[in-house]
Amino acid sequence: MADPSSPATILIVEDEEDVRELTRDVLEMNGFTVLESLDPADAIRIAETHPGSIDLLITDVVMPRMSGPELARRLRDTRPALRVLCMSGYPESAERGATGASEWNAWLQKPFTPDGLVAKVRECLTS
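Anyway, here's the lowdown on the structure attached to this text. Please read all numbers here as calculations on a predicted model, not as lab measurements.

### Things to note about the sheet that holds strand S4 (residues 83-88)
One open sheet accounts for 5 strands, arranged S2-S1-S3-S4-S5; its pairing is parallel. One side of each edge strand has no neighbouring strand; the edge strands of this open sheet are strand S2 (33-37) and strand S5 (106-109). Averaged over neighbouring strand pairs, the angle between their axes works out to 20° when direction is ignored. Strand direction decides the pairing type here: strand S1 (residues 9-13) and S2, joined by 5 bridges, are parallel.

Take a look at the structure:
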């Protein structure tokens, strides 16, 4: 769980630029520190080189070369306390990913509202 006296650091992994930028902007406007990546390989590099904590991973479920749940497993190898919020525009992703549901702490269906995003992020960070 993130320290409530300091802003949580969130890593966003989303291959759709518009969604990634909107997510970043909403979170930064709400006081979060945001790291962003357009693909899992870059996210792994960021997680390996970022000197501070990363409190939450927000990742798309369906991405080229590696799924969000697989990325979460890889990042938790070196950051075991990492919380995970998976998101997808495909409702069936939640059903198909149910076997990997232990890889995430919460689910967010796209499209989402800014308020819905912030509420889900806060829920992940405090649960």
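### Regarding the pattern of salt bridges
Scanning all chains against the criterion turns up 8 salt bridges. Residues Asp 42 and Arg 45 are paired through a salt bridge, measuring 2.9 Å at the closest nitrogen-oxygen approach. Placement of the pair is Asp 42 and Arg 45 together in helix H2 (residues 40-49), with a separation of 3 residues, close to one helical turn. Note on Arg 45: relative accessible area 44%, which makes it partly exposed. If you follow the salt bridges from partner to partner, you end up with Arg 20, Arg 24, Asp 25 and Glu 36 in one network.

### Let's talk about unusual backbone geometry
The phi torsion of most residues other than glycine is negative, and most of the peptide bonds are trans. A cis amide bond links Lys 110 to the next residue, Pro 111, at an omega of -5°. With respect to the helices and strands, the residue Pro 111 is situated in the loop between S5 and helix H5 (114-126). Positive phi, normally seen in glycine, also occurs at Arg 65, with a value near 75°. You can see Arg 65 is positioned in the loop between strand S3 (56-60) and helix H3 (68-78).

### Some remarks on H5
Over its 13 residues, H5 runs 18 Å from end to end, which matches the ideal 18 Å to within 8%, given 1.5 Å per residue. For H5, the secondary structure elements touched by its buried residues are S1, helix H1 (17-29), S3, S4 and S5.

### Brief notes about a negative patch on the surface
A surface patch of negative charge is lined by Asp 15, Glu 16, Glu 17 and Asp 18. Looking at where Asp 15 falls in the secondary structure, it is placed in the loop between S1 and H1. For Asp 15, a relative accessible area of 33% gives the class partly exposed.

### Description of the side chain of Arg 20
Note on placement: Arg 20 falls in helix H1. Reaching out from Arg 20, the side chain makes a polar contact with the backbone oxygen of Glu 14 at a distance of 2.8 Å. With residues up to four places along the chain from it excluded, the contact list for Arg 20 reads Ile 12, Glu 14, Asp 15, Glu 36, Ser 37 and Leu 38.

### Regarding the state of the cysteines
Here the structure, examined in full by the defined rule, presents 0 disulfides. Here Cys 86 stays free of any disulfide, with the sulfur of Cys 124 as its closest cysteine sulfur at 9.4 Å. On the basis of relative accessible area, Cys 86 is assigned to the buried category, the value being 0%. Taking relative accessible area as the criterion, Cys 124 reaches 1% and is therefore assigned buried.

Conventions adopted
Residues numbered from 1 in each chain as written. Predicted model: local features only at pLDDT ≥ 70, side-chain atom pairs only at ≥ 80, totals over all residues. Heavy atoms only, no water. Pairing = 2+ DSSP bridges. Helix = DSSP H or I, 4+ residues; strand = E, 2+ residues; numbered from the N terminus. Axes fitted to C-alpha atoms, helices over the stretch in contact; angles between N-to-C directions. Salt bridge = Lys/Arg side-chain N within 4 Å of Asp/Glu carboxyl O. Buried < 20%, exposed > 50% of the residue type's maximum accessible area, 1.4 Å probe, protein only. Expected span 1.5 Å × (residues − 1). Contact = heavy atoms within 4.5 Å. Patch = residues over 30% accessible without salt bridge, like charges linked within 9 Å, V, L, I, M, F, W, Y side chains within 5 Å. Areas by Shrake-Rupley, 256 points an atom, 1.4 Å probe, with all protein chains shown as cover. Lys, Arg positive; Asp, Glu negative; His and termini not counted. Charge placed at Lys NZ, Arg CZ, Asp CG, Glu CD. Polar contact = N/O pair within 3.5 Å; in protein donor to acceptor, adjacent residues only side chain to side chain. Disulfide = S-S within 2.5 Å.

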